[in-house]
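Read off the chains here:
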Amino acid sequence: MFDSVLVVCAGNICRSPTAEYVFKNKLNDKSITVSSAGLTALVGKAADAMAQKIAASHGVIMDAHQGQQLSSKLVANNSVILVMEQRHLNDVHSRYPEARGKTFLLGKWINNAEIPDPYRQSQEAFEHVYALIDSACSAWQKYL
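Residues numbered from 1 in each chain as written. Predicted model: local features only at pLDDT ≥ 70, side-chain atom pairs only at ≥ 80, totals over all residues. Heavy atoms only, no water.

For the coordinates displayed, the defined rule picks out six salt bridges. One salt bridge connects Arg15 with Glu85, and the closest N-O pair in it is separated by 2.6 Å. One end of the pair, Arg15, is in helix α1 (residues 15–26); the other, Glu85, is in the loop between β3 (80–83) and α4 (86–95), with 70 residues separating them in the sequence. The exposure classification of Arg15 matches that of Glu85, with both residues buried. For Arg87, the salt bridge goes to Glu85, with nearest N and O atoms at 2.7 Å. Residue classification places Glu85 among the buried positions, given a relative accessible area of 12%. Connected through salt bridges with shared partners, the residues Arg15, Glu85, Arg87 and Asp117 form a single ionic network. (Salt bridge = Lys/Arg side-chain N within 4 Å of Asp/Glu carboxyl O. Helix = DSSP H or I, 4+ residues; strand = E, 2+ residues; numbered from the N terminus. Buried < 20%, exposed > 50% of the residue type's maximum accessible area, 1.4 Å probe, protein only.)

Below, the structure written as structure tokens:
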């Protein structure tokens with residue numbers, strides 16, 4: 001079915017790396033490549049410290065993450081692209097028309113939920129976002 005998943009958010013330091021590593025943990029028995037990128041990425045930056053802390057408390061380690069910018073090469077090289085918000089979907093379609101048909105909300109299978117940006121917010125905001133991402137990734141598992 002799908003052999004590669006690209007998860008996209010804005011800066012590629014909070015939501016998309018969290019989803020990338022949650023997927024990697026959940027899909028470790030499948031041969032699916034998972035990566036992440038940002039629409040306005042903080043290139044080369046590690047995942048946000050609070051995002052790492054919350055993920056680690058769930059057994060998800062994101063130490064290796066480095067932010068990367070979304071590119072036409074990444075769009076072309078991935079079977080499915082998952083974004084956090086409707087505006088990200090619109091932005092990806094606008095910048096990369098070839099992504100139509102393979103770009104969806106990460107929250108598609110949980111009532112088309114959008115995943116809010118927790119950047120520079122409280123630990124509780126990050127915990128809420130982690131729970132949404134974990135739920136969304138679990139819902140996608142049967143389709144990957």
